[in-house]
Amino acid sequence: MSDEEKDAPDLKVVIQIAENPEKGINSVLNLLKEMKFKEVEVVFHQEAIEAVLNPSLVSTLSPARVVACRNSLKAKGINEGKLPLGTIVVNAGVAEIVKRQSEGWIYLRV
């Protein structure tokens, strides 16, 4: 285990971005600079779903995982095959958020 992993708290956070992805992504980046987390998922859905098409999004938000809502992808006519490598697709973004909250993750909407 690296020193960084030893220093990381056991906090897990799921972050919802449903609109205004630029501001949301900036908020996530600011959070990642200030705090270390055991795990971070950033769930994109609704109007923000098109942000997942950005080829650098996964690397930009690393170590956070980028999660895309399949329902929102379908609603916007976005083919999952066009998503950058490393993007995780779940059936429903809201269900992913509820699942993570039930597991004790901190919820944040930006």
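We now turn to the structure provided with this report. The structure displayed is predicted, hence computed values, not measured ones.

Some points on helix α5 (residues 93-102)
The complete set of buried residues in α5 reads Gly 93, Glu 96, Ile 97 and Arg 100. Taken end-on, α5 shows its buried residues confined to a sector of 100 degrees, consistent with a single buried face. In α5, the exposed positions angled more than 90 degrees off the buried face are occupied by Val 98 and Ser 102. Looking at the buried residues of α5, the elements they touch are β1 (12-17), β2 (39-44), β3 (65-69), β4 (88-90) and β5 (106-109). Among the residues trailing α5, Gly 104 stands out with phi positive, at a value near 95 degrees.

With respect to the nonpolar core
Residues Val 40, Val 42, Phe 44, Val 52 and Leu 61 are the most contacted members of the largest nonpolar core, which totals 23 residues. Counting only elements with at least two residues in this core, the list comes to β1, α2 (21-34), β2, α3 (57-61) and β3. Ranked by residue count, the leading element in this core is α2, at four residues.

Some words on the pairing of β3
In terms of residue burial, β3 counts as a mostly covered element, since four of its five residues are buried. Alignment of β2 against β3, held across four bridges, turns out to be parallel. Across the sheet, the residue bridging to Val 42 is Val 66, located in β3. In this sheet, β4 lies alongside β3 in parallel orientation, the contact comprising three bridges. The residue of β4 that forms the bridge with Ala 68 is Val 89.

Overview of the sheet that holds β5
The strand order across the open sheet formed by five strands is β4-β3-β2-β1-β5, and the pairing between neighbours is parallel. Unpaired on one side and paired on the other, β4 and β5 mark the two borders of the sheet. Neighbour to neighbour, the strand axes of the sheet diverge by 25 degrees on average, direction disregarded. In terms of strand pairing, β1 meets β5 through four bridges, oriented parallel. Bridging from a neighbouring strand, Ile 15 pairs with Leu 108 of β5. Sitting on the sheet, α2 touches β1, β2 and β5, and the angle it makes with β1 is about 165 degrees. Contacts from α5 reach β1, β2, β3, β4 and β5, with the element oriented near 155 degrees to β2.

Cut-offs and rules
- Residues numbered from 1 in each chain as written.
- Predicted model: local features only at pLDDT ≥ 70, side-chain atom pairs only at ≥ 80, totals over all residues.
- Heavy atoms only, no water.
- Buried < 20%, exposed > 50% of the residue type's maximum accessible area, 1.4 Å probe, protein only.
- Helix = DSSP H or I, 4+ residues; strand = E, 2+ residues; numbered from the N terminus.
- Arc of directions from axis to C-beta.
- Contact = heavy atoms within 4.5 Å.
- Core = buried A, V, L, I, M, F, W, Y, C linked by side-chain atoms within 4.5 Å.
- Pairing = 2+ DSSP bridges.
- Axes fitted to C-alpha atoms, helices over the stretch in contact; angles between N-to-C directions.

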